[in-house]
Amino acid sequence: MLELIQISSGYKDRTILNHISLKVPAKTIVAVLGSNGSGKSTLLRTICRATNITHGDIQFMGTSLLQYKDYEIISLGISLVPEGRGLFDSMSVLDNLLIGAYRTQSTSKDKLAQMLDLFPELKLRLREPAANLSGGQQQMLAVARALMSNPKLLLLDEPSLGLSPLLVSRVYETLDHACHTLGISVVVAEQNINMALKFADTGIVLDDGCIIMQDTSQRLLGNSAIRESYGFR
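What comes next is a walk through the structure. Just so it is clear, the model here is predicted, and its values are computed rather than measured.

## Looking at the pairing of strand β1 (residues 2-11)
Summarising the sheet, β1 and strand β2 (residues 14-24) pair through seven bridges and their orientation is antiparallel. Paired with L4 across the bridge in β2 is L22. With seven bridges joining them, β1 and strand β4 (residues 52-60) adopt antiparallel strand pairing. From the neighbouring strand, L4 faces β4, where its bridge partner is I58.

Dropping the structure here:
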């Protein structure tokens, strides 16, 4: 579905990613792992065409993304849940959801019903400002809004940040459902390595803008060097 081919990218004259190659098959979850500053967010933003690409190519379903602007990417079937969620705090939960479907208005009613079934907590708060929601509910809203665009590929940047372990599990169960029930491929950038690898099919480890390890999630979970470096059991 998605392939990055020797991609180098960054901001203005600063290169962050160095010759990154990555394949994301259909209906899989790929975890992008690494510490702060490793290039995880830049990788997601690069896929969305929000960085300066200086080398390589990005193929999405057989089409190069380099010919598209960042605002055109969502129409191709790629949706991003950014770090910090990016909600419109003063707008209602319902309006936030409907904004997610602005490119696919013909299916917005069906998608809205599907999202409210998936996140029943939001159904009770539809008329309230997004700012009134708890952190966990805001993350659910951000994921639901991204799914409203009916994506083929869902990108998430640090979805577990600031959430309790129970809510983190809930978010990842939703991603598992999106992938294996709805058929959406997922790329999730995380510092919560243990949780991400429990749900992912494969993972890559970034350090200083380079992939230093790439393997199945089970092998990465069992890798003693990864466990020691990132302090999980």
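## Remarks on the sheet that holds strand β8 (residues 185-190)
Here six strands make up an open sheet; going across it, the order is β6-β7-β8-β3-β9-β10 and the pairing mixed. The sheet is open, and its two borders are formed by β6 (78-81) and β10 (210-216), each paired with just one other strand. Strand-to-strand twist in this sheet, taken as the mean axis angle between neighbours without regard to direction, amounts to 15 degrees. Across five bridges, strand β3 (residues 29-33) lies against β8 in parallel orientation. For I29, the partnering residue across the bridge sits in β8 and is V186.

## Details of the pairing of strand β7 (residues 153-157)
Side chains on a regular strand alternate between the two faces of the sheet. Counted residue by residue, β7 has five buried out of five residues, so it is predominantly covered. Side chains L153, L155 and D157 of β7 all project onto a buried face; the interleaved residues L154 and L156 project onto the opposite face, where all are buried too. Across four bridges, the pairing between β6 and β7 is parallel. Note on β7: the bridge partner recorded for L80 is L155.

## Describing a nonpolar patch on the surface
A surface patch of nonpolar side chains, about 280 Å² in accessible area, is lined by F88, I99 and Y102. Turning to its location among the elements, F88 is positioned in the loop between β6 and α3 (93-100). A relative accessible area of 40% means that F88 is categorised as partly exposed.

## So, the pattern of salt bridges
The final tally for this structure, using the stated rule, is five salt bridges. A salt bridge links E121 to R170; the shortest N-O distance between them is 2.4 Å. Of this pair, E121 sits in helix α5 (residues 120-123) while R170 sits in helix α7 (residues 165-180), and the two are 49 residues apart along the sequence. Of the residues examined, E121 reaches a relative accessible area of 26% and is grouped as partly exposed. On the basis of relative accessible area, R170 is assigned to the partly exposed category, the value being 21%. For E128, the salt bridge is made with R125, and the minimal N-O distance between the two is 2.7 Å. E128 sits in the partly exposed class, given a relative accessible area of 26%.

## Remarks on the side chain of T174
Looking at the secondary structure, you find T174 in helix α7. On the accessibility criterion, T174 (6% relative accessible area) is buried. Of note is the side chain of T174, whose polar atom sits 3.0 Å from the backbone oxygen of R170. Contact partners of T174, with chain neighbours within four places excluded, come to L118, F119 and V143.

## Brief notes about the packing of helix α6 (residues 135-147) against α7
Think of two packed helices as two axes; the pair is described by the angle between the axes and how far apart they sit. Running from N to C, α6 and α7 cross one another at 15 degrees; their axes reach a closest spacing of 10 Å. In terms of orientation, α6 lies roughly parallel with respect to α7. The two elements α6 and α7 meet at a crossing, and its hand is right-handed. Where α6 abuts α7, its residues G136, Q139, M140, V143 and L147 lie against L167, R170, V171, T174 and A178. Of the residues contributing to the contact of α6 with α7, the split by class is six nonpolar, three polar and one charged.

What counts, and at which threshold
- Residues numbered from 1 in each chain as written.
- Predicted model: local features only at pLDDT ≥ 70, side-chain atom pairs only at ≥ 80, totals over all residues.
- Heavy atoms only, no water.
- Pairing = 2+ DSSP bridges.
- Helix = DSSP H or I, 4+ residues; strand = E, 2+ residues; numbered from the N terminus.
- Axes fitted to C-alpha atoms, helices over the stretch in contact; angles between N-to-C directions.
- Buried < 20%, exposed > 50% of the residue type's maximum accessible area, 1.4 Å probe, protein only.
- Patch = residues over 30% accessible without salt bridge, like charges linked within 9 Å, V, L, I, M, F, W, Y side chains within 5 Å.
- Areas by Shrake-Rupley, 256 points an atom, 1.4 Å probe, with all protein chains shown as cover.
- Salt bridge = Lys/Arg side-chain N within 4 Å of Asp/Glu carboxyl O.
- Polar contact = N/O pair within 3.5 Å; in protein donor to acceptor, adjacent residues only side chain to side chain.
- Contact = heavy atoms within 4.5 Å.
- Parallel < 35°, antiparallel > 145°, perpendicular 65-115°, else oblique.
- Left-handed = near helix turned anticlockwise from the far one by under 90°.
- Nonpolar A, V, L, I, M, F, W, Y, C, P; charged D, E, K, R; others polar.

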